[in-house]
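Architecture at a glance
Read off the chains here:
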Amino acid sequence: MTITPKPMGPIPPEFAGQAGALTIGGRRAEDWVAEVGDTPLFVYDPAIVATRVARFRAAFPGIDLHYAMKANPFAPFLAAMATMVDGLDVASAGELRAALSVKPATAISFAGPGKRDDALTVAVRARATLNVESGNEARRAIAIGERLGIAPRLAVRVNPDIELRGSGLRMGGRPSPFGIDASAASGVVRMLIDAGADWRGFHIYAGSQALDAGAVIETQAATIALAARLAEQADAAPPLVNLGGGFGVPYFAGDIALDVEVVGAGLAEALGARPAILRDTRFAIELGRWLAAESGVYLTRVVDVKDSQGETFVVVDGGLHHQLAASGNFGTVVRRNYPLAVAGAMGAAPVAPVTVVGCLCTPLDRLGDRVALPPVAVGDLVAIFMAGAYGASASPSAFLGHPEAGQVLAPVPMG
Ligand SMILES: *Cc1c(COP(=O)(O)O)cnc(C)c1O
């Protein structure tokens, strides 16, 4: 029986051209493992993040770049990121505390439903911007500000009547726990200005994981129009409009990287024609995976290679408890293969397909399904790419009682 291989996603450009031993941040994968002491191990290369930031700066002159830290909150990674971006977007009091250790409060905004009074208090006291998700939350933040004698910095998160077309995860244009419906948003803006809060503007996030530049351009133009309409209704010019993000990355076969230069040109055009009420407004784009995903590699060691009914299973010491997304159980409907490689044999010709499974006792723990890899043996390192975002912190590490993965940051580039 011959087994037809299933395709895998594209290896990120910084690694795709390598031959022989995989290097990350100029160092061999085996050397990273030796230094940290064990597998499984996430290695993040901030030089790759820096190239994405430089590309953003060139494509979006004058637009603020925010990092959505839930993509990768690993402290050294966050510290490196903080030096490269204008703002940090956080979604919990814990993230807020981490962000405050690397960025001034005025560069931090805090979104997310279900902020308790203790979280609101930390934000108001620190003078971070709260993106309020409801009228109730706005009133609670104002009351906390009155108690502390601080005018709270509040932005209104809008549940837009817009969807990001082709987005992996749609957040707008429907009933939502996130943000205030567009129909009610200007009323909340008026209320909080009249209550003496420091109104920071709008936060409008319409979706995630978009690869189609045309869809992103459409969404951004509609977002600008919506912000202008709401500002006119509230009769107040927003200091900042956070346009959301949604820039996707190619995880799977057939995915084509987002053309951010085209998006930048489209945004410049939309901003050039923006309504007068937004004339002095700053604009921000908040990105998670686009900045972080390709910078990370998850390294696992092969524990066993076995045959079952004609198929070869490569069993590694990692799994979905560290890298849930690669198993296809995080926000995808159909399981498809992330890019992976034998770390000692980059660029080597593939042989018969193998199925790479993790060490968890569940059939869900599949990291590569019938992937064409070069010969692979017990003791080899298998690298799974696209591990810089929604990896270690977005996986059920307590499941089945295996140790947590190590994490390490490669050297930060100079200058
Ligand atoms: C998660 C999140 C992001 C980041 O999403 P990515 O797809 O990783 O870019 C941005 N903004 C908000 C409001 C989020 O919740």
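Quick notes on the rules
- Residue positions are given per chain, counting from 1 as you read along its sequence in written order.
- Note on the predicted model: pLDDT of at least 70 is required for a residue's local features to be given, and 80 or more for side-chain atom pairs to be given and counted; whole-chain, interface and lining totals, by contrast, use all residues.
- No hydrogens and no water enter the side-chain calculation; it runs on all heavy atoms of the structure.
- Here, nonpolar core means buried Ala, Val, Leu, Ile, Met, Phe, Trp, Tyr and Cys residues that are tied together by side-chain atoms lying within 4.5 Å of each other.
- We call a residue buried when its accessible area falls under 20% of the maximum for its residue type, exposed when it is over 50%, and partly exposed in between, using a 1.4 Å probe and counting protein chains only.
- Here a strand is any run of E in DSSP of at least two residues, a helix any run of H or I of at least four, and the numbering for each starts at the N terminus.
- Residue ranges for the domains trace back to a domain assignment, done automatically or taken from a database.
- Should any heavy atoms of two residues lie within 4.5 Å, those residues are considered in contact.
- Near residues are defined by distance, with any heavy atom within 4 Å of the molecule or strand qualifying the residue.
- Residues adjacent in sequence count toward polar contacts only when both atoms are side-chain atoms; beyond that, a polar contact is any pair of N or O atoms within 3.5 Å, and within protein one must be able to donate a hydrogen and the other to accept it.
- The accessible surface values rely on the Shrake-Rupley method and a 1.4 Å probe; as for residues, cover is taken only from the protein chains in view.
- Under the scheme applied here, ten amino acids are nonpolar (Ala, Val, Leu, Ile, Met, Phe, Trp, Tyr, Cys and Pro), four are charged (Asp, Glu, Lys and Arg), and all others, including Gly, are polar.
- Just to be clear on terms, a salt bridge is a Lys or Arg side-chain nitrogen sitting within 4 Å of an Asp or Glu carboxyl oxygen.
- The buried area of a pairing is the accessible area, by a 1.4 Å probe, that goes missing from both parts when the two are put together, added over both.

**Quick word on the nonpolar core**
It is characteristic of soluble globular proteins that their nonpolar side chains tend to be buried jointly. In this structure, L22, F60, Y67, V156, F202 and F247 are the most contacted members of the largest nonpolar core, which totals 131 residues. No other element matches helix α9 (residues 213-234), which puts 10 residues into this core. The two domains that each donate at least three residues to this core are domain 1 (13-44 + 293-409) and domain 2 (73-287). When neighbours within four sequence positions are excluded, F60 is seen to be in contact with F247, V260, V263, G264, L267 and I285.

**Structural notes on the site of the ligand**
With respect to spatial proximity, the complete set of residues near the ligand consists of A68, K70, R157, H203, Y205, S208, E286, L287, G288, R289 and Y390. Between the ligand and the protein, one listed contact pairs an oxygen atom with a side-chain N or O atom of K70 at 2.7 Å. Relative to its free-state accessible area of 390 Å², the ligand is covered by the protein chains to the extent of 90%. Looking at the shell around the ligand, its residues break down into 4 nonpolar, 3 polar and 4 charged.

**Comments concerning the pattern of salt bridges**
Oppositely charged side chains are able to pair whenever their charged atoms sit close together. With the rule as written, the count across this model stands at 20 salt bridges. We note a salt bridge from R52 to E294, for which the minimum N-O separation is 3.2 Å. With R52 in helix α3 (residues 46-59) and E294 in the loop between α11 (289-292) and β15 (296-308), the pair connects residues that are 242 residues apart, well separated along the chain. E294 shares its class with R52; the two are buried. Where salt bridges share partners, they join K6, R366 and D369 into one cluster.

**Digging into the domain arrangement of the protein**
Domain annotation of the protein identifies domain 1 (13-44 + 293-409) and domain 2 (73-287). Once you take the C-alpha centre of each, domain 1 and domain 2 turn out to be 34 Å apart. Counting residues at the interface gives 14 residues for domain 1, matched by 9 residues for domain 2. On the domain 1 side of the interface with domain 2, the three residues burying the most area are R336, M386 and L409, jointly 36% of the side's total. Linking domain 1 with domain 2 are 0 salt bridges, by the criterion used here.

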